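Below, each chain spelled out in residue letters.
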Amino acid sequence: MTDARAGGPAGSEAGAAGGGEDGEYQRLAEVAVSAVAQYVAESQAAEKPVGAPPPLPELIETLQLRSLIRDGGLDADAFEPWLERMLDHSVRLHHPAEIAHQVAGPDVPSAIADLVQGGINQPMSIYEMGPAAHAMERVVVEWMCEQVGWPEGAGGVLTHGGSLANLTVLLAARGAAAPDAWTEGVDGSLAVLAPPSTHYSVRRSVAMLGLGERAVIDLEVDELERIVPGALDDALRRCRDAGRRPMALVAASCATSTGLHDDLEAIGAFCREHGIWFHVDAAHGAPALLSPAHRGLLRGIEHADSVIWDAHKMMRTSALAAAVLVRDEWRLEAAFRQKAAYLIYEEADEGGSSLLERQVECTKAALGARIFMTLAFRGPEGIGRYVAEQYDKTLRFWEMIEEREGFDCLSRPESNILCFRYGRDGQLQVRLREQLLRDRLFHLSSTEVNGERWLRMSVMAPATTEETVSGLLDAIEAAAPAL
Ligand SMILES: Cc1ncc(COP(=O)(O)O)c(C=O)c1O
C-alpha cells in the first residue's frame, strides 16, 4: 500500500485504499467525511425532514445505479454531488423525528472504526489474519461476560447480528441436548419453549436447525405478552405430552414489540430446577446493565446459559455487531463439530487463536473494533448514561401521551420502546403511520400486541425531545380526521 499523501506508482495500485497515483483515498475520504458530518449535523438539528422513500425504480433511476455499475463514470469530481443525492435518500438516524426502529445513529468512535477497517480490511476470525481486530473482539467478549455476571469459564463470539446470534446459541443448545445431532441429524424429539412474542429469528432458527417450526412450544403470556412464570409447569407438561423434551427456553430482555422485560429470576429458577438450557435474548436490553438505575430490569440474567447482546442497538455502534455469550465457553465450540483442515489448526501455535470453531462465518468483519472504540472513548459509564437518558425520556413521553385526550399507551415503558395509539381503530394507526411518513414529518413503526394494532416508537436518537413528541401528537390529531 502506498502513501496516500505522496501518491504511489501509477497504474498497479490505483484504486487501492491509501494508494493510487493521485492520493485518491485521501481525497475521496475528505469529501465523504465532510458530507457525512454535514448530514449528521443537519439531521440532529432537524434542518432537513425525515426521509420518505420514492418508489424503488425511481430511486434506482435518480441515483443512476444501473448506468454507473455498467458504464462506470464516478470519479473524484462526480462523487461529491452523487454522494449528496445518495445521502438525501438515506434514513436520518440522528434525526429527532426518526423514532421507528431499534437501529443506532452510530456514535463517532464506531463510525471511525468503520472508516479505518474499511481501509485496512482485517477479516479476523483467525488471529494471524487480523491480530489487532482479533484481540479487540476477544477483550470485548470477555468484558460482556463480566457484565452478565457469570463465573470463570464463560465466553463467546461476535457475529453479524442478533438473528445469527440466536441461531448460534440454539445450535449450542442443540449440541448440549443432542450431542449426536451434528452427525446424525435430529429425530423429532426436541422442543424449544418460547413465547409467541419471541423475536421471529428464534422460530426461524428452530426451523433452520432441522427441528421444524412445530418444535416451538408456546409459553403462556400475560396481556402485555410477557412470559407467565406460574404457567411454565404447564408448558413443560404440554411439551412432554407431545413426546418431546425441551432443548432450550427463550426469554426476552426486552421484547421487540413492547420493550418489556420477562422475569428472568423466576424463569431462570424454573430452568435450573428442570435442567433446561435458559437463553436470554437481550439483543436490545443488555446495555441497561451499564446503568445503575436500570440494571435491575435484567435481574436474574446471571442464571442464563446463554445471552445475546446487540451492540448496534443501545451501544450506538453501526450495524452489525452482535454477541453470542455462553456460561460455559466449551459448549459453543462443541456446537460446531466440523473441521476445515486448511483453516482450523490442531496445534494452537500453528495458526494461533481462532474463532472459527464457534461461529457460522468463515471470513468475518472486525465487529469488535466498533464496540471497542465506543467503549474506549465513552467508557461503560458513558454508554450507561446514554441508556438511562433514553429510557428516562421515554417514561416522560409516556406521561405526556397519557395526559392527552384521545391517546393511550399499552403500558408504562421499561425501556426506550413505547407503544401508543390514537383512538382504538387498528386501521387508523396504520394509516396515521403512513401519512406521517408521506408528509416527511415523523418516521414511526407499528406493531400488533395481543391482537391489537399500536403505533410504536423506538427512541434511539439523543436529539429526540419532549418538543418532538408534542409535535408528533399535534400532527396525529391534525391528520386523523381525514383518515
Ligand atoms: C429481541 C431481539 N432479538 C433479536 C433481534 C434480531 O437482531 P438483528 O436485527 O441484529 O438480527 C432483534 C431485532 O430487533 C430483537 O429486538
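Located above this text is the structure these notes cover.
Heads up: these notes are all about the structure in this document. (Residues numbered from 1 in each chain as written. Predicted model: local features only at pLDDT ≥ 70, side-chain atom pairs only at ≥ 80, totals over all residues. Heavy atoms only, no water.)

### What to know about the overall build of the protein
Helix and strand counts for the protein come out as 17 helices and 11 strands. Radius of gyration (C-alpha) of the protein: 24 Å, near the 23 Å computed for a compact globule of 483 residues. For the protein, the spread of C-alpha atoms along the three principal axes comes to 70 × 70 × 40 Å. Here the protein holds 483 residues, and 51% of them are scored as buried. Long-range contacts, defined here as pairs at least 24 residues apart, represent 70% of the contacts in the protein between residues at least 6 apart. Here the protein has roughly 21700 Å² of accessible surface; of this, 51% comes from carbon and sulfur atoms. Taken as two groups, the 44 positive and 71 negative side-chain charges of the protein have centres that lie 4 Å from each other. (Helix = DSSP H or I, 4+ residues; strand = E, 2+ residues; numbered from the N terminus. Rg over C-alpha atoms; globule rule 2.2 N^0.38 Å. Buried < 20%, exposed > 50% of the residue type's maximum accessible area, 1.4 Å probe, protein only. Contact = heavy atoms within 4.5 Å. Areas by Shrake-Rupley, 256 points an atom, 1.4 Å probe, with all protein chains shown as cover. Lys, Arg positive; Asp, Glu negative; His and termini not counted. Charge placed at Lys NZ, Arg CZ, Asp CG, Glu CD.)

### A short note on the site of the ligand
Residues in close proximity to the ligand total 13 residues, the closest being Gly162, Ser163, Thr256, Asp281 and His312. Between the ligand and Asp310 there is a distance of 2.9 Å, counted from an oxygen atom to a side-chain nitrogen or oxygen. Residue Lys313 places a side-chain N or O atom 3.3 Å away from an oxygen atom belonging to the ligand. Coverage of the ligand by the protein amounts to 85% of the 390 Å² it exposes when considered alone. Mapped by element, the contributors of at least two residues to the shell around the ligand are α7 (162–177) and α12 (311–314). Per element, the largest residue contribution to the shell around the ligand is three residues, and it comes from α7. Looking at the shell around the ligand, its residues break down into two nonpolar, eight polar and three charged. (Near = heavy atom within 4 Å. Polar contact = N/O pair within 3.5 Å; in protein donor to acceptor, adjacent residues only side chain to side chain. Nonpolar A, V, L, I, M, F, W, Y, C, P; charged D, E, K, R; others polar.)

### Focus: α7
In this model α7 runs 22 Å from its N-terminal to its C-terminal C-alpha over 16 residues, within 8% of the 22 Å that 1.5 Å per residue would give. If you check which residues of α7 are buried, you get Gly162, Ala165, Asn166, Leu167, Thr168, Val169, Leu170, Leu171, Ala172, Ala173 and Arg174. (Expected span 1.5 Å × (residues − 1).)

### Observations regarding the pattern of salt bridges
Tallied over the full model, the rule gives 22 salt bridges. As a salt-bridge pair, Lys48 and Glu42 come within 3.4 Å of each other at their nearest N and O atoms. Among the residues examined, Lys48 registers a relative accessible area of 33% and is labelled partly exposed. A relative accessible area of 12% means that Glu42 is categorised as buried. Connected through salt bridges with shared partners, the residues Glu42, Lys48, Asp88 and Arg92 form a single ionic network. (Salt bridge = Lys/Arg side-chain N within 4 Å of Asp/Glu carboxyl O.)

### Looking at helix α9 (residues 200–208)
Buried within α9 are the following residues: Ser201, Val202, Ser205 and Val206. Around the axis of α9, the buried residues are gathered within 140° of arc, so they sit on the same side. Looking at α9, the residues exposed on the side facing more than 90 degrees away from the buried face are Tyr200 and Met208. Packing partners of the buried residues in α9 comprise α7, β2 (190–194), β3 (216–218) and β4 (245–252). (Arc of directions from axis to C-beta.)

### Section: the sheet that holds β4
Where strands meet in a sheet, backbone hydrogen bonds hold them as pairs that are either parallel or antiparallel. The strand order β1-β7-β6-β5-β4-β2-β3 describes an open sheet built from seven strands, whose pairing is mixed. At either end of the open sheet lies a strand with only one pairing partner, and these are β1 (155–159) and β3. With direction set aside, neighbouring strand axes in the sheet form an average angle of 20°. (Pairing = 2+ DSSP bridges. Axes fitted to C-alpha atoms, helices over the stretch in contact; angles between N-to-C directions.)

### Observations concerning the environment of Leu167
Tracing the sequence through the fold places Leu167 in helix α7. When neighbours within four sequence positions are excluded, Leu167 is seen to be in contact with Ser205, Met208 and Leu209.

These values are about where atoms sit, not about what they do.
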